[in-house]
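# Coordinate inspection notes
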Amino acid sequence: MSLKLPDKIPVAAETYEALLRLGSPWPLDPRLQSLVIVTNDASDPCMVWASPKLTTYRAVWSKAAGGGFVEHASEWGDNVDIDHVFPRSWANLSGSNVNYVRLFPVWAEINRQAGGGREKSALRAGVSAPRTRGIIFAQELQVLKILGHEVGTASDPVEIFGSKRRS
C-alpha cells in the first residue's frame, strides 16, 4: 500500500501578491526579501519565505523564531539545515519567475543528498514545476525533504507515494 501525496503544501511563489493568497504577511526585512505568512491552517500556521537570491536562510529563520512564529532551529537537533524546500537552483534558472522559496528545517544528511543528487539531476533533465495562481506546490521530492525521509538518487529515487498527483 502506498501513501497519498499531500495536496497543497506551498513551496515557492512567483510574487508577494501570490503569497498574500496564503495568509497574512509579517515582513522580516523592509525590502520584503523575507517574511512569514500566518495562515488560518492549524496544521501549517506559519510559513517562512525568502528570496532565492538570499544566502542567509538560517538568519531569516532565526528572525522568524525570535518573533515567535516558528521554533528555533536548535529545537530540531544538532545537524539541521535551514533549507529552501523548493530548490534554489531551480528558482534561479534563467527565465524563472520564482521570487520566493519556502524555508524549513531539514536534516542535513537528507538535504545534502537531495541537493547533490536529485535536484541537480532534474536541472539537467529539465525542471517542471506546475503552479496555481502563482504558487508552486510540493511534489514528492519536497515532501520527502520536509519529512526528513531519504530521497534516493537520480537513478534510484525513493518514492513512497503511489500515484502522482494530478496537476
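Residues numbered from 1 in each chain as written. Predicted model: local features only at pLDDT ≥ 70, side-chain atom pairs only at ≥ 80, totals over all residues. Heavy atoms only, no water.

### Remarks on the pairing of strand β2 (residues 24-27)
Relative to strand β3 (residues 34-38), β2 runs antiparallel, the two being bridged by four bridges. Looking at β3, one finds that P25 is bridged to I37. With antiparallel pairing between neighbouring strands as the criterion, β2 and β3 make up a hairpin whose turn holds six residues, including L32 at a positive phi of roughly 60°. (Pairing = 2+ DSSP bridges. Helix = DSSP H or I, 4+ residues; strand = E, 2+ residues; numbered from the N terminus.)

### Let's talk about the confidence of the model for the protein chain
Averaged over the protein chain, the pLDDT score is 81; the fraction of residues at 70 or greater is 77%. Looking across the protein chain, the model is least confident in helix α4 (residues 108-125), with a mean pLDDT of 61, and most confident in β3, with 98. Within the model, pLDDT remains below 50 along residues 163-167, and this stretch shows ten contacts once partners closer than five positions in the same chain are excluded. (pLDDT = per-residue confidence, 0-100. Contact = heavy atoms within 4.5 Å.)

### Examining the side chain of S34
With respect to the helices, strands and loops of the structure, S34 is situated in strand β3. Taking the relative accessible area as the measure of exposure, S34 reaches 4% and is therefore buried. For S34, the contacting residues outside a window of four places in its chain are P27, L28, D29, W49, A50, L54 and V60. (Buried < 20%, exposed > 50% of the residue type's maximum accessible area, 1.4 Å probe, protein only.)

### Describing helix α5 (residues 140-147)
Burial analysis of α5 places six of its eight residues in the buried class, which makes it a mostly covered element. Listed as buried for α5 are E140, L141, Q142, V143, L144 and K145. G148 sits one or two positions beyond α5 and adopts a positive phi of about 75°.

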